[in-house]
There are 2 protein chains.
Amino acid sequence: MKSVAVALHGGAGTLRRGFLPKAEEEKYILTLSEARDTAFYIVESGGSALDAVIECVKILEDSPLFNAGKGSVFTANGTHEMDASIMEGKSRNAGAVSMVTGIRNPVQLARDVMEKSGHVILAGEGAMEFARSQGYEFLPPSYFYNELRYNQWQKARESDVVQLDHSINPEGKFGTVGAVALDLNGNLAAATSTGGMTNKKFGRIGDSPIIGAGTYANNNTCAVSCTGSGEYFIRGVVAYDVSAAMEFGGLSLAEASELVINKRLIKIEGDGGLVAVDANGNVSLPFNTEGMYRAYRTSSESKVAIYEDWI
Amino acid sequence: MKSVAVALHGGAGTLRRGFLPKAEEEKYILTLSEARDTAFYIVESGGSALDAVIECVKILEDSPLFNAGKGSVFTANGTHEMDASIMEGKSRNAGAVSMVTGIRNPVQLARDVMEKSGHVILAGEGAMEFARSQGYEFLPPSYFYNELRYNQWQKARESDVVQLDHSINPEGKFGTVGAVALDLNGNLAAATSTGGMTNKKFGRIGDSPIIGAGTYANNNTCAVSCTGSGEYFIRGVVAYDVSAAMEFGGLSLAEASELVINKRLIKIEGDGGLVAVDANGNVSLPFNTEGMYRAYRTSSESKVAIYEDWI
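Attention in this report is confined to the structure presented alongside it. None of these values were measured; they are calculated from a predicted model.

1. With respect to the overall build of chain A
Phase 1 of the analysis: Counting secondary structure elements, chain A contains nine helices and 13 strands.
Phase 2 of the analysis: Over its C-alpha trace chain A gives a radius of gyration of 17 Å, about what one expects of a compact globule, namely 19 Å for 311 residues.
Phase 3 of the analysis: Overall size of chain A, expressed as C-alpha extent along the three principal axes, is 55 × 45 × 35 Å.
Phase 4 of the analysis: Counting over 311 residues, chain A shows a buried share of 66%.

Quick look at the structure:
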C-alpha cells in the first residue's frame, strides 16, 4: 500500500509550558489539528501534495493565531509585509513572493508565481502588480489589524527593537507557518508563509520566501519547511541541506533533519526548527528551541504539540 | 607555501567566436584581466579574500561592458534595478541587496548589509533607506544610461519579451558578474552582482542576491559565484550544491562543480556557469553555454577567456 503523510508548523520559539493560558493552548491545538486533517484528507483521497500544503497553509494564514496572513505582525511603518514560497518535488518548480501587502493568502500567490509568471521570486510593488493581473482582491489594513500584534509593535517601537518572530514574546503569539506533504503518486511538496518580524525595517527578507533556505522539495529526497531565526536559515541553506545530506550523504530523513537542526544550525548559532517528509511517508519535526507549534499525520499516527512532548 | 587564488566571471551565454568584433573582445579581455589581477594582488599581498572579491566586482560594476552596476540593463519601467550578494567562508556571514537603484557599487552595499545591518537580505525601498543611513551617494539615471542597453530595451519592448541577461543578444552585451577568492589565511569569499533582465517586470528576483543559489562560501569546502538562467539556479540551489557535493559526497571541487553545471543543472534545463575556488587554491570555471566571460589566477597560472578555449 502506498503511504501518504503531512506535517506542519506554526513557528518555533521560547515556548515553555505555562507560557500560554490553557484556553489559548486549546485554540492552537484545534487550528493545528484542523490544518493537519484538511491536508491529510486531500492526499488520502487522491489529491496532490501541492493542493494539500496550500490548503493547510491557507488555514494557518486565515487564523489570527499565527504570524502569517491575517495574523501578520506590524512592520516599523505600521504595515503588514508578508512573504511566502512553495515548491513541488516532481518538477522541482518553485514560486515565492516577498514584501506583499493586502493579500489574504500569500501562499496562493506564490503558487501562481510558480505556475503563471515564468519566474520564481517576485517582490514588492512588482509582486502586487502581478497579483492585480491575476485578479487578486486587496484587503484593507483592518483585515490584518489585531490588538495584540499592535501592542507588540508599540512595545517594540518604544524599545526600538526589531522583534524576531521567534524571540521572547510574553503574549506567546508568534510563528511563521509551513507544511509538507506526500501524496499517493509519490509526489512531495512544501510551502511556507510568514508575516516577518515585528517592527522590521529596511525591507528585510527572511528565509521564508527563499527556496533552499526556508522551503525545499525534491521527490528523490524530501520536502522541508523551516521556521526560526531567518538569517541563520539563509546562511545555512537549511531546507536544502536536509535534502543534500540525504542525497549525497546517504542519511535517512530523521538523521539528516536532526543533523541539520541540532548540529549544523546550532554551530552557526541559529535557532528554530523544521518539518519534513520523505518519499516513504516518514516525517521528522526537529527543533532546537523550547517548543514548536507542530502537527503531523501518517497512515498510522496523528499528533499535535506545542512544547517538547507530543500530546 | 600557502596558496592564493582568484576566479571571476562576467556572464555566460550564447557567446560564439566571431560574435564580437575583435576590438570589443579586446575590451572584455582587458577588463577581465584587470579585475583578476587586482583581486590577485590583494590576496597575494596578505589582504583578505573578502576585500579581493569586493574590489574585483567593483571593477566589473564600474565597466559599461557587463550587466551590473554602470552597465545594468533597463527594466520594463526604464529604470535600473540591481541585485548583489556576498558571503565569507570563515564565519559564513552573508549579505545581499535586491532591487536597488542609483547605487554605483551594489556589492559594497551587500557587504555593508552583512557587516552593519544585522540582516542578510534587504530589498527595494528599505535597502535604499539603509544605504542612505550609511551615507551612500545616489547617482542619477544618466550614470547608468548606455545607448546599447537602451536600444536592447526598446527592441525587447517592441517584442514584449523579457530578455534574460544570457539570452541571444546580437550586441553581445550581457553578463551578471561575480568573483571568488582564497587568501593567505585560508579564508574563502564569494560575491555576485547583476542588473537583472532587460525589460523585466513584476519585481522579479533572480539568483544573484540569493545565498545558496547565486553565491556561497564555506572555508571547509569552496566559494562559488554563479551566472545564468536565474530561476533554474534558484531551484537547483546551485552555489550551495557544489559545496554539499564536496562535503557530503566527498567530491573534489572540479568533480562537484562539473556535476552541478553539466549534469544536475542541465537535468532541470538550466543554462549558465559558475566560478569556484577551494581551500587548497584549486579553481573551477564550468559552464554549459557556448561561452562565459571568465578569468582566474593562481600561484602557477593566469588565464582569461570568452569562448570555449582559454587564451
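2. Brief notes about the side chain of N146 of chain B
Residue and element names in this part refer to chain B.
Phase 1 of the analysis: On the secondary structure map, N146 appears in the loop between α5 (141-144) and α6 (147-158).
Phase 2 of the analysis: You can call N146 buried: its relative accessible area is 11%.
Phase 3 of the analysis: Of the polar contacts made by the side chain of N146, one reaches the backbone nitrogen of L148; its length is 3.0 Å.

3. Side note on helix α2 (residues 49-62) of chain B
Residues and elements named next belong to chain B.
Phase 1 of the analysis: Its 14 residues place the ends of α2 20 Å apart at the C-alpha level, agreeing with the 20 Å of an ideal helix rising 1.5 Å per residue.
Phase 2 of the analysis: Across the 14 residues of α2, eleven count as buried, placing the element largely inside the fold.
Phase 3 of the analysis: Listing the buried residues of α2 in full gives A49, L50, A52, V53, I54, C56, V57, K58, I59, L60 and E61.
Phase 4 of the analysis: Buried residues along α2 sit in contact with β1 (5-13), α1 (22-44), β2 (82-88), α3 (106-117), β5 (177-182) and β6 (188-194).

4. So, the relation of the copies chain B and chain A
Phase 1 of the analysis: Rotating chain B by 180° and translating it 0.0 Å along the rotation axis places it on chain A, where the RMSD comes to 0.0 Å. Overall, the copies show the geometry of a two-fold rotation axis. For chain B, the minimum C-alpha distance to the rotation axis belongs to F248 of chain B and amounts to 2.6 Å.

5. Side note on the layout of surface pockets
Phase 1 of the analysis: What the largest pocket holds in volume is close to 770 Å³.
Phase 2 of the analysis: Those elements that provide at least two residues to the lining of the largest pocket are α4 (124-133) of chain A together with β3 (94-100) and α4 (124-133) of chain B.
Phase 3 of the analysis: Tallied by class, the residues present in the lining of the largest pocket amount to eleven nonpolar, 13 polar and ten charged.

6. Re the interface of chain B and chain A
Note: interface size is frequently given as the accessible area lost on complex formation between the parts.
Phase 1 of the analysis: With 40 residues of chain B in contact, the opposing surface of chain A contributes 40 residues.
Phase 2 of the analysis: Carbon and sulfur atoms make up 64% of the surface buried where chain B meets chain A, a total of about 3500 Å² over both sides.
Phase 3 of the analysis: Among the residues chain B hides against chain A, the three largest losses belong to F202, R235 and F248 of chain B. Together they make up 23% of the total.
Phase 4 of the analysis: Across the contact surface, chain B and chain A share two salt bridges.
Phase 5 of the analysis: Residue R264 of chain B pairs with E247 of chain A through a salt bridge whose shortest N-O separation is 2.7 Å.
Phase 6 of the analysis: Across the contact surface, chain B and chain A share 19 residue pairs in polar contact (both at pLDDT 80 or more).
Phase 7 of the analysis: For the side of chain B that touches chain A, a count of residues per class yields 23 nonpolar, nine polar and eight charged.

7. Section: the sheet that holds strand β3 (residues 94-100) of chain A
Phase 1 of the analysis: The sheet built from nine strands is open, its strands ordered β13(A)-β12(A)-β1(A)-β5(A)-β6(A)-β2(A)-β3(A)-β4(A)-β7(B) with mixed pairing. Among the strands making up the open sheet, the edge pair consists of β13 (302-305) of chain A together with β7 (204-205) of chain B.
Phase 2 of the analysis: Strands β2 (82-88), β3, β4 (121-123) and β6 (188-194) of chain A of the sheet are contacted by helix α3 (residues 106-117) of chain A, whose axis makes an angle of about 130° with β3 of chain A.
Phase 3 of the analysis: The strands touched by α4 of chain A are β3 and β4 of chain A; relative to β4 of chain A, the strand with the most contacts, the crossing angle is about 105°.

8. Observations concerning unusual backbone geometry
Phase 1 of the analysis: Non-glycine residue E269 of chain A carries a positive phi angle of around 70°.
Phase 2 of the analysis: For E269 of chain A, the position within the fold is in the loop between α9 (253-267) and β10 (272-278).
Phase 3 of the analysis: Residue R92 of chain B is not a glycine yet carries a positive backbone phi of 55°.
Phase 4 of the analysis: Along the chain, R92 of chain B turns up in the loop between β2 and β3.
Phase 5 of the analysis: When its relative accessible area of 16% is taken as the criterion, R92 of chain B is described as buried.

9. Thoughts on α9 of chain A
Residue and element names in this part refer to chain A.
Phase 1 of the analysis: With 15 residues, α9 should reach 21 Å at 1.5 Å per residue; the first-to-last C-alpha distance of 20 Å fits that figure.
Phase 2 of the analysis: Its axis deflected by about 35° at V260, α9 carries its strongest bend there.
Phase 3 of the analysis: Among all positions in α9, only L253, A256, S257, V260, I261 and L265 are buried.
Phase 4 of the analysis: On its buried side, α9 packs onto β9 (222-228), α7 (230-235), α8 (238-247), β10 and β11 (283-284).
Phase 5 of the analysis: Once α9 finishes, E269 follows within two positions and takes phi at roughly 70°, a positive value.

10. A closer look at the environment of E290 of chain B
All names here are of chain B.
Phase 1 of the analysis: Inspection of the secondary structure puts E290 in the loop between β11 (283-284) and β12 (291-298).
Phase 2 of the analysis: Measuring from C-alpha to C-alpha, the distance between E290 and A12 comes to 7.8 Å, with 278 residues separating the pair along the chain.
Phase 3 of the analysis: If we skip the residues at most four places from it in the chain, E290 touches G13, T14, L15, R16, Y307 and E308.

11. Description of the pattern of salt bridges
Residue and element names in this part refer to chain A.
Phase 1 of the analysis: Throughout the structure, instances matching the rule amount to 26 salt bridges over all chains.
Phase 2 of the analysis: Here R297 ties to D37 by a salt bridge, and the two come within 2.9 Å at their closest N and O atoms. Of this pair, R297 sits in strand β12 (residues 291-298) while D37 is found in helix α1 (residues 22-44), placing the two residues 260 residues apart along the sequence.
Phase 3 of the analysis: Judged by relative accessible area, which is 17%, D37 ranks as buried.
Phase 4 of the analysis: One salt bridge in this structure joins K116 and D112, with 3.3 Å as the shortest N-O distance. Of this pair, K116 and D112 are both found in helix α3, four residues apart, which corresponds to roughly one turn of the helix.
Phase 5 of the analysis: In the salt-bridge network here, residues are joined through shared partners; they are R36, D37 and R297.

Rules behind the numbers
- Residues numbered from 1 in each chain as written.
- Chains lettered and ligands numbered in written order.
- Predicted model: local features only at pLDDT ≥ 70, side-chain atom pairs only at ≥ 80, totals over all residues.
- Heavy atoms only, no water.
- Helix = DSSP H or I, 4+ residues; strand = E, 2+ residues; numbered from the N terminus.
- Rg over C-alpha atoms; globule rule 2.2 N^0.38 Å.
- Buried < 20%, exposed > 50% of the residue type's maximum accessible area, 1.4 Å probe, protein only.
- Polar contact = N/O pair within 3.5 Å; in protein donor to acceptor, adjacent residues only side chain to side chain.
- Expected span 1.5 Å × (residues − 1).
- Contact = heavy atoms within 4.5 Å.
- Least-squares fit on C-alpha atoms with pLDDT ≥ 70 in both.
- 1 Å grid on protein atoms, 1.4 Å probe; cavity = no way out; pocket = protein on both sides within 12 Å on 5 of 7 lines; lining within 4 Å.
- Points joined across faces, edges and corners; volume = space filled by probe spheres on them.
- Nonpolar A, V, L, I, M, F, W, Y, C, P; charged D, E, K, R; others polar.
- Buried area = accessible area lost by both parts, 1.4 Å probe.
- Salt bridge = Lys/Arg side-chain N within 4 Å of Asp/Glu carboxyl O.
- Pairing = 2+ DSSP bridges.
- Axes fitted to C-alpha atoms, helices over the stretch in contact; angles between N-to-C directions.
- Bend = angle between axes of the 7 residues up to and from the residue.

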